[in-house]
Amino acid sequence: PAGTKVACATVDEDSALENIEVESRFRRQGIGKNLIRFINEHDTQFHIYGGTQHNSRYRLTEEGAALINACVRKGILEDTQVIISCSVPQSPMSKF
């Protein structure tokens, strides 16, 4: 229905993905990949930190990691845009 939230994403002021969420009933339909594609096309500095710490603001869930890996495999993201790290910078504010 009109006005239904399907997906959202936040990107911090340093162009790092902070969060992406697709409502469960809309998952596995390409919405997440299209959202990543849209952000990447509109932000030339866009990147993803794959934090491994449980409390990291950039920690990827299993579903999130699968989405990012699929985006790299399909050429939506370059592998250089995905930064796997145990420590990631603190981000002050979101821009999207």
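Residues numbered from 1 in each chain as written. Predicted model: local features only at pLDDT ≥ 70, side-chain atom pairs only at ≥ 80, totals over all residues. Heavy atoms only, no water.

Engineer: Looking at this structure, I do not really get the overall build of the protein chain. What am I missing?
Structural biologist: Along the protein chain, the regular secondary structure elements total two helices and four strands. Each helix (α) and strand (β) of the protein chain, taken in turn from the N terminus, gives the series β-β-α-β-α-β. The buried share among the 96 residues of the protein chain stands at 34%. The contacts of the protein chain with a sequence gap of at least 6 include a subset with a gap of at least 24, amounting to 65%. Accessible surface computed for the protein chain: about 6300 Å², of which carbon and sulfur atoms make up 49%. (Helix = DSSP H or I, 4+ residues; strand = E, 2+ residues; numbered from the N terminus. Buried < 20%, exposed > 50% of the residue type's maximum accessible area, 1.4 Å probe, protein only. Contact = heavy atoms within 4.5 Å. Areas by Shrake-Rupley, 256 points an atom, 1.4 Å probe, with all protein chains shown as cover.)

Engineer: Just to check I follow, could you spell out the pattern of salt bridges for this structure?
Structural biologist: Pairing between side chains becomes possible if they bear opposite charge and their charged atoms approach one another. Evaluation of the coordinates by the stated rule reveals two salt bridges. For E23, the salt bridge goes to K5, with nearest N and O atoms at 4.0 Å. Of the two residues, E23 is situated in the loop between strand 2 (17-22) and helix 1 (31-42) and K5 in the segment before strand 1 (7-11); the sequence distance between them amounts to 18 residues. Judged by its relative accessible area of 27%, E23 is partly exposed. Here K5 falls in the partly exposed class, since its relative accessible area comes to 46%. Between R27 and E63 there is a salt bridge, and its shortest N-O distance comes to 3.6 Å. (Salt bridge = Lys/Arg side-chain N within 4 Å of Asp/Glu carboxyl O.)

Engineer: Looking at this structure, how should I read the packing of helix 1 against helix 2 (residues 62-73)?
Structural biologist: Think of two packed helices as two axes; the pair is described by the angle between the axes and how far apart they sit. Interhelical geometry of helix 1 versus helix 2 gives an angle of 65 degrees and a closest axis separation of 10 Å. Crossing angle aside, the handedness with which helix 1 passes helix 2 is right-handed. Here helix 1 contributes G32, K33 and I36 to the contact with helix 2, which in turn contributes L67, I68, A70 and C71. Across the contact of helix 1 with helix 2, the residue classes break down as five nonpolar, one polar and one charged. (Axes fitted to C-alpha atoms, helices over the stretch in contact; angles between N-to-C directions. Left-handed = near helix turned anticlockwise from the far one by under 90°. Nonpolar A, V, L, I, M, F, W, Y, C, P; charged D, E, K, R; others polar.)

Engineer: For this particular structure, what's the right way to read the layout of surface pockets?
Structural biologist: Size it by volume and the largest pocket reaches roughly 680 Å³. The set of elements that each furnish at least two residues to the lining of the largest pocket consists of strand 2, helix 1, strand 3 (48-51) and helix 2. Its residues assigned to classes, the lining of the largest pocket comprises 13 nonpolar, six polar and eight charged. (1 Å grid on protein atoms, 1.4 Å probe; cavity = no way out; pocket = protein on both sides within 12 Å on 5 of 7 lines; lining within 4 Å. Points joined across faces, edges and corners; volume = space filled by probe spheres on them.)

Engineer: What is the right way to read helix 1 from this model?
Structural biologist: Every α-helix winds through 3.6 residues per turn, so residues three or four apart in the chain are directed the same way. With twelve residues, helix 1 should cover 16 Å at 1.5 Å per step; its first-to-last C-alpha distance of 17 Å lies within 8% of that length. For helix 1, the set of buried residues is G32, I36 and I39. Looking down the long axis of helix 1, one finds its buried residues gathered within 65 degrees of arc, a one-sided arrangement. For helix 1, the exposed residues set more than 90 degrees away from the buried face come down to E41 and H42. (Expected span 1.5 Å × (residues − 1). Arc of directions from axis to C-beta.)

Purely geometric stuff here, so don't read any function into it on its own.
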